[in-house]
Amino acid sequence: MNSLYRLHIRLLLPVFVVIGIMAALEKSVGASPGTEVFQGFTQHISEQIGKDKQAFAEADTCTAWFYKKMGKKSPPAAVEKIHFVPISKPDATVDCATRYPKGLEAAREAFGQTQQRLSFSLTFFQMALVSDGDDDHAYNTQEMQDVLEAFDRTYRSGQSVDQYVSQLIGLFDRHRPEVQFPVLMNSMQTLMNKGYRLTTADQTTLNRELE
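Here the structure is a predicted model, which means the values were calculated and not measured.

Parameters and conventions
Here the residue numbering is sequential within each chain, running from 1 through the sequence in written order. Confidence filtering applies because this is a predicted model: local features only for residues at pLDDT of at least 70, side-chain atom pairs given and counted only at 80 or more, and all residues used for totals across whole chains, interfaces and linings. Excluded from the side-chain calculations are hydrogens and water; all other atoms, namely the structure's heavy atoms, are used. On a range of 0 to 100, pLDDT expresses the predictor's confidence in each residue. Secondary structure counts use DSSP, requiring at least four H or I residues in a row for a helix and at least two E residues in a row for a strand, with both numbered from the N terminus. Any two residues whose heavy atoms approach within 4.5 Å at even a single point are treated as in contact. Using a 1.4 Å probe on the protein chains alone, a residue whose accessible area is under 20% of its type maximum counts as buried, one over 50% counts as exposed, and one in between counts as partly exposed. We define a salt bridge as a side-chain nitrogen of Lys or Arg found within 4 Å of a carboxyl oxygen belonging to Asp or Glu. Joining through side-chain atoms within 4.5 Å is the link that ties buried Ala, Val, Leu, Ile, Met, Phe, Trp, Tyr and Cys residues into a set, and such a set is a nonpolar core. Polar contacts here mean pairs of N or O atoms no more than 3.5 Å apart (in protein, one a potential hydrogen donor and the other a potential acceptor; neighbouring residues in sequence count only if both atoms are side-chain atoms). Ring geometry is summarised as follows: Phe, Tyr and Trp rings, the Trp one being its six-membered ring, pair when their centres sit within 6.5 Å, and such pairs are stacked at plane angles under 30 degrees, edge-to-face over 60 and tilted between the two.

Concerning the confidence of the model for the protein
In step 1: Chain-level pLDDT for the protein is 83 on average; 74% of the residues reach the 70-or-more range.
In step 2: Across the protein, helix H7 (residues 181-193) holds the top mean pLDDT of 97, while helix H1 (residues 2-29) sits lowest at 42.
In step 3: Between residues 1-32, whose pLDDT stays under 50, and residues either more than four places distant or in other chains, the model counts 10 contacts.

As for helix H5 (residues 141-150)
Side chains that are three or four residues apart share a direction in an α-helix, a result of its 3.6 residues per turn.
In step 1: Here H5 has its buried residues at Glu143, Met144, Asp146, Val147, Leu148 and Ala150.
In step 2: In this fold, the buried residues of H5 make contact with helix H2 (35-69), helix H4 (104-130), helix H6 (161-175) and H7.

Description of the pattern of salt bridges
In step 1: Taken as a whole and judged by the stated rule, the model has 5 salt bridges.
In step 2: Close ionic contact of arginine 108 with glutamate 105 constitutes a salt bridge, the shortest N to O distance being 3.9 Å. Remark: glutamate 105 and arginine 108 occur in helix H4; sequence separation between them is 3 residues, near one turn of the helix.
In step 3: With a closest N to O distance of 3.2 Å, lysine 194 and aspartate 146 form a salt bridge. On the criterion of sequence distance, the pair formed by lysine 194 in the loop between H7 and helix H8 (200-210) and aspartate 146 in helix H5 is long-range, its members being 48 residues apart.
In step 4: Taking relative accessible area as the criterion, aspartate 146 reaches 7% and is therefore assigned buried.

Remarks on the nonpolar core
Inside soluble globular proteins, nonpolar side chains tend to come together where they are buried.
In step 1: Counting 47 residues, the largest nonpolar core has Val37, Phe41, Ile45, Phe124, Met127 and Leu168 as the members making the most contacts within it.
In step 2: Contributions of two or more residues to this core are made by H2, H4, H5, H6 and H7.
In step 3: Examining the composition of this core, we find that 13 residues originate from one element, H4, more than from any other.
In step 4: Apart from the residues within four sequence positions on either side, phenylalanine 124 is in contact with Phe41, Ile45, Phe151, Leu171, Phe172 and Leu184.

Some points on the side chain of threonine 114
In step 1: One can find threonine 114 in helix H4.
In step 2: A distance of 3.1 Å separates a polar atom in the side chain of threonine 114 from the backbone oxygen of phenylalanine 111.

Quick look at the packing of aromatic side chains
For any pair of aromatic rings, geometry is given as the distance between the ring centres together with the angle between the planes.
In step 1: Summed over the entire model, instances satisfying the criterion amount to 11 aromatic pairs.
In step 2: Aromatic pair phenylalanine 41 and phenylalanine 124: ring centres 6.3 Å apart, planes at 85 degrees, arrangement edge-to-face. Of this pair, phenylalanine 41 sits in helix H2 while phenylalanine 124 sits in helix H4, and the two are 83 residues apart along the sequence.
In step 3: Residue classification places phenylalanine 41 among the buried residues on the basis of a relative accessible area of 0%.
In step 4: For the pair phenylalanine 120 and phenylalanine 181, a centre-to-centre distance of 5.4 Å together with 80 degrees between the ring planes defines the contact as edge-to-face. Of this pair, phenylalanine 120 sits in helix H4 while phenylalanine 181 sits in helix H7, and the two are 61 residues apart along the sequence.
In step 5: Site record: aromatic cluster; members linked through ring pairs are Phe38, Phe41, Phe120, Phe124, Tyr139, Phe151, Phe172 and Phe181.

Put into structure tokens, the structure is as follows:
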């Protein structure tokens, strides 16, 4: 009897292993939106914000440099949505004459463009924070569905974490090149109409991106 019992167990072990592997795969493929999705999305935007800050700071430095060279004072920057204003300082690593051979006008044009791109990235980051309605740094199914529908995209259940992250990042990457503020602001308004708000926690996180 004992021999038959042990044989029975040995025959069943591979079945249990297969069932365990299948369950793990099913869990991975059908992962619900959560912390990893929120972090993947916001981290991608944050990395772009860092690049935009650098580009804006360089354009700001060179614009001020050209004005100083001409003996003029730099005009105040136009405010565009959320914006980041660096303190202009001479930077030995920025060769303004080489970077902008056409001079002041080219530097001013770059300043305006980089300011808009940075402002867009910061506003999109704000939207990503707002759409986390309960401030738990995770997207539940409803939040995920709401943010996608705000951009006229369809939420599909049963996707992997990577697929959810890719879908959200696609929203940002698709609209950033042309700085499509109207699309972003309409999406933000859609979320606001559903009760989403910029909370104190959101503002604190946003302020860290502005530093």
